[in-house]
Amino acid sequence: MDVRYQRCDGVAAKGIADELVAVYAQVYGVPPYDEDPFFSAQSFSDRLYSALDTAGFETVIAHQEGQIIGYVHGATLPADRPWWDSLGDLRPTDLCRAAEASQVFWLRELMVLPTHTNRGLGRQLHDTVIAGRAETSTALTCITDNQPAHDAYLRWGYTIMGQIKHAPESPVYDAMYLPSSR
């Protein structure tokens, strides 16, 4: 698989946001997500556009033959983010200190087109974005019943802190972190 990786900040990502939403629509346009308004392409588009201007926003996009086949995006985790605060004492003390110092990368989304899964592309996207970040730790939330993603994050070294909901209409997520490797 001849894959090319491209880093984009929020400004550059705005120019290809429609393409990113189209990938999302393919990945989440299947059961059990396709009937849930929380996972609609419009809902994701709204979340994506609101994320583009956040501190430290970045996406790493995988291209093959000129087409986007997967991407990851995230930003510096605000220490006062509601889902983060809701974990309270479940968060490790050193991770809280890192968040207060803007040293936690919030991996917001990681997706690979269904025709390109099980080839290591998700791991490569993950590792590429992490390797290029200034933050010393990474946090993410993963839908508890998304078994392939959940299992992958645990294999990659993530630890579960607790469960959260991003919004009243969202599913339950496991909040996870990757301990500092620096």
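Cut-offs and rules
Residues numbered from 1 in each chain as written. Predicted model: local features only at pLDDT ≥ 70, side-chain atom pairs only at ≥ 80, totals over all residues. Heavy atoms only, no water. Buried < 20%, exposed > 50% of the residue type's maximum accessible area, 1.4 Å probe, protein only. Helix = DSSP H or I, 4+ residues; strand = E, 2+ residues; numbered from the N terminus. Contact = heavy atoms within 4.5 Å. Salt bridge = Lys/Arg side-chain N within 4 Å of Asp/Glu carboxyl O. Phe/Tyr/Trp six-rings, centres within 6.5 Å; stacked < 30°, edge-to-face > 60°. Lys NZ or Arg CZ within 6 Å of the ring centre and 35° of its normal.

A. Looking closely at helix α6 (residues 121-131). Residues of α6 that are buried: L121, G122, L125, H126, T128, V129 and I130. Buried-residue contacts for α6 involve β1 (4-9), β2 (58-64), β3 (67-76), β4 (104-112), β5 (137-143) and β7 (173-178).

B. Examining the pattern of salt bridges more closely. Enumeration over the complete set of coordinates arrives at 6 salt bridges. Here D85 and R91 are joined by a salt bridge, their closest N and O atoms 3.8 Å apart. Note on D85: relative accessible area 39%, which makes it partly exposed. When salt bridges with common partners are traced through the structure, they connect R7, E58, R133 and E135 into a single cluster.

C. Local environment of the environment of A149. Topologically, A149 is positioned in helix α7 (residues 147-155). When its relative accessible area of 22% is taken as the criterion, A149 is described as partly exposed.

D. Representation of unusual backbone geometry. Put simply, P31 and P32 share a cis peptide bond, and its omega is 5°. On the secondary structure map, P32 appears in the loop between α2 (17-28) and α3 (41-51). Phi is positive for S102, which is not a glycine, with a value near 55°. Positive phi values are uncommon outside glycine, yet N118 reaches one of about 60°.

E. Geometry of the packing of aromatic side chains. Under the definition given, this model contains 10 aromatic pairs. Here the aromatic rings of F38 and F39 are separated by 5.2 Å at their centres, their planes lie at 85°, and the arrangement is edge-to-face. Each member of the pair, F38 as well as F39, carries the same accessibility label: buried. Centroid distance Y153 to Y158: 5.5 Å. Interplanar angle 70°. Geometry classified as edge-to-face. The exposure class of Y153 is buried, given its relative accessible area of 7%. Note on Y158: relative accessible area 4%, which makes it buried. Three or more aromatic residues link up through ring pairs in this structure, and these residues are Y24, Y28, Y33, F38, F39 and F44. Stacked on the ring of F38, the Lys or Arg R47 has its end atom at 4.6 Å from the ring centre. Of note, R108 hangs over the ring of W106, and the distance from its end group to the ring centre comes to 4.3 Å.

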